Amino acid sequence: MLAPPAPSHLTPRLHCAAPRGWINDPCGLVWWEGQYHLYYQHNPCADMWGPMYWGHAVSDDLLRWRHHPAVLRPDPDGTMAFTGSTVVDGDRLVTLYTAAKPDPTVFQTVQRQRCATSGDGFAFEDEGIVLDNPGLPDMRDPAVVRHPESGRWLMVLAAGRELMLWSSDNLRDWREESRFGRGLGLATGVWECPVLMPLPGPAPARVDGAGGESLWLLVIHAGIGLPPDRSGAQYIVVTCDGTRFTPMMEDFLPVDSGHDFYAAQPWANDPAAARRSPHWIAWAAHWATILGSPSDGSRGVLTIPRQVSVHREGAGWRLAQEPLAALAAATEPLGSQPIGGGAVDIEVETADGTRVVLDYGPAGVITVGIDGDRLTVDRSQCDMGQWSYVTAAISQSTAVLPSPQGRLRVLVDGRLLECFADRGRVTMTDLIFPGAPLARVRVERGEIVRAGVAR
Ligand code: FRU
C-alpha cells in the first residue's frame, strides 16, 4: 500500500480525492441512514488505473468526507469490481456492478453483472453473477432505478455505442427490453457509465395529456477513444414506459463545456431528490489525458457535488448544475489576508469583458473571462510543469452563454477549477496543475458578490 501524500497547494480542501493511489468513477452512490455513501473506482496499490476496488468515503453534508476501507475488492483470479449502482430495497442496499475478468487472449475483460447486498453500506455480501454476457466486448456500468408506473426495476447498460434497457421484479432476474441511442451523440468514444434519473428540476415530470409518460434524464459518457478537446458527458431527455426510451430532443447535448468532467452519478435515495433537486458528482478527468497528469501519490479528484435540474427552454430542454447549497457556508470571507494555497469560491456579477484572474505568482495566471456571449477558461498563461503538454494543445475551454450578463461562480481548489455561469446552465470543469500556490484573485470589469476561502 502507498503512504498518503504530504499536503501541497494541489491538495483539494473541499473536494473528495482518494487518500492515496488512483481514483476514477464515483459508483454505487447512495444515501442511507442519514449518511451519503460515496464509493469510487479505486486502485489503492498505485497512482495508476489497475486492479479495481470500490473505495469508500462517507459524509453527512457532502463536503467533509471520512475515508473507510474498500467495500469491494478484486477476486483472487483477478476479476475486478467495475462501476455500478446501489439501490435501497426494503431494509437492504442492493448493489449491481460489473465484474470484469481479465481475458489475456483478447487483452480485454469479460464483463458480467454481479450483485452484492449490505445492511449498513460498510460490509457487503456477494451474491454472484446475475446477468451473463452474450459475448459483447463492452457491456458494463449498470444504472439501476425503480420505474414507478410499472413498479419494476430498470437497468441501463452501456454496450459499445448504444444502451441496453433491462427490467426486473426482484433485481436478480433480468429481461432485455430494448436498445437505445445508436447513431446519436458524439461520433467517437466508447459509451460508459449511463445515468437514468427521473427528470429533476421545475419542468413538468410527465408529458402533457391523460396518462402522459414520465420524463427522465438520460446521460452517457463517451470515453476511451474520445479526443481530449472536450468532455464526453452528454444528456438527453426521454420518456420511458418501462420497456423503451423515446427521445424528447433531437440529439444528446454536452453536460459540461470543460475538458474534465466524466462518469457523473447521482445519489440513490437522496432526500434532495424528493424536492426534485438531486445531487450528483463526477470524476474530474478525461481518459485521454489523466494517465499522464502530475501526481503526488493520489491521482484524481471528484467534482464538487452539484444539484442537478432540467429546464424548459423554448421547445427544448436545458440541463443546469449548481454547487451544493452548503458550499457557500463552508468558506470564510476572503479578506486581504494571503490565500495561502487555499480553495476560493467567488461569485461575480458580470459584464462584457469581465475577467476573474487567478494569480499563481511566479507560475503565472489562469483567467476566466466573458467576451460578448462567450465564457472562456484560459490555462495558457500558467506554468503547469508536466501538464503543460495538455494545456499547450487545449489551453482554452469556451462556451456560448444563453444570456451573457449574469452571475459567474468560480470555484478553484488545488488541482481543480469549476465555473458555473447563467444559473448553472453552463459549467466548465478543468484540471489545473499550477507550479505555485494561488496567491491572489483579481476581478476586472465585474462586481464581486461574494468571495470565500477555505484554507
Ligand atoms: C469509466 C470506466 C467504466 C468502468 C470503469 C473501470 O471511466 O471505464 O466503464 O466500469 O471505468 O474502472
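You'll find the structure just up there.
Since the structure is predicted, the reported quantities are computational estimates derived from the model, not experimental observations.

Before going further, it helps to spend a moment on the site of the ligand. Neighbouring the ligand are 13 residues; D25, Q41, R140, D141 and E192 lie closest to it. N24 places a side-chain nitrogen or oxygen 3.1 Å from an oxygen atom of the ligand. In the environment of the ligand, an oxygen atom lies 2.7 Å from a nitrogen or oxygen atom belonging to the side chain of Q41. The fraction of the free accessible surface of the ligand (310 Å²) that becomes covered by protein chains is 97%. Elements represented by at least two residues in the shell around the ligand include exactly β1 (21-32), β5 (80-89), β9 (140-147) and β13 (191-198). Considered class by class, the residues forming the shell around the ligand number six nonpolar, three polar and four charged.

Pairing within the open sheet is mixed, and its five strands lie in the order β4-β3-β2-β1-β20. Of all the strands in the sheet, the pair left with one neighbour each is β4 (66-72) and β20 (298-299). In this structure, strand β3 (residues 53-59) lies alongside β4, joined through four bridges in antiparallel fashion. Pairing of W54 across the sheet is with L72, part of β4.

Moving on, we come to the pattern of salt bridges. One pass over the structure, following the stated rule, counts 36 salt bridges. The closest approach of N and O atoms between R182 and E162, which form a salt bridge, is 3.1 Å. Note that R182 is positioned in the loop between β12 (175-180) and β13 and E162 in strand β11 (residues 162-168), a separation of 20 residues in sequence. Across the pair D229 and R230 runs a salt bridge whose closest N-O atoms are separated by 3.6 Å.

Criteria and cut-off values
- Residues numbered from 1 in each chain as written.
- Predicted model: local features only at pLDDT ≥ 70, side-chain atom pairs only at ≥ 80, totals over all residues.
- Heavy atoms only, no water.
- Near = heavy atom within 4 Å.
- Polar contact = N/O pair within 3.5 Å; in protein donor to acceptor, adjacent residues only side chain to side chain.
- Areas by Shrake-Rupley, 256 points an atom, 1.4 Å probe, with all protein chains shown as cover.
- Helix = DSSP H or I, 4+ residues; strand = E, 2+ residues; numbered from the N terminus.
- Nonpolar A, V, L, I, M, F, W, Y, C, P; charged D, E, K, R; others polar.
- Pairing = 2+ DSSP bridges.
- Salt bridge = Lys/Arg side-chain N within 4 Å of Asp/Glu carboxyl O.

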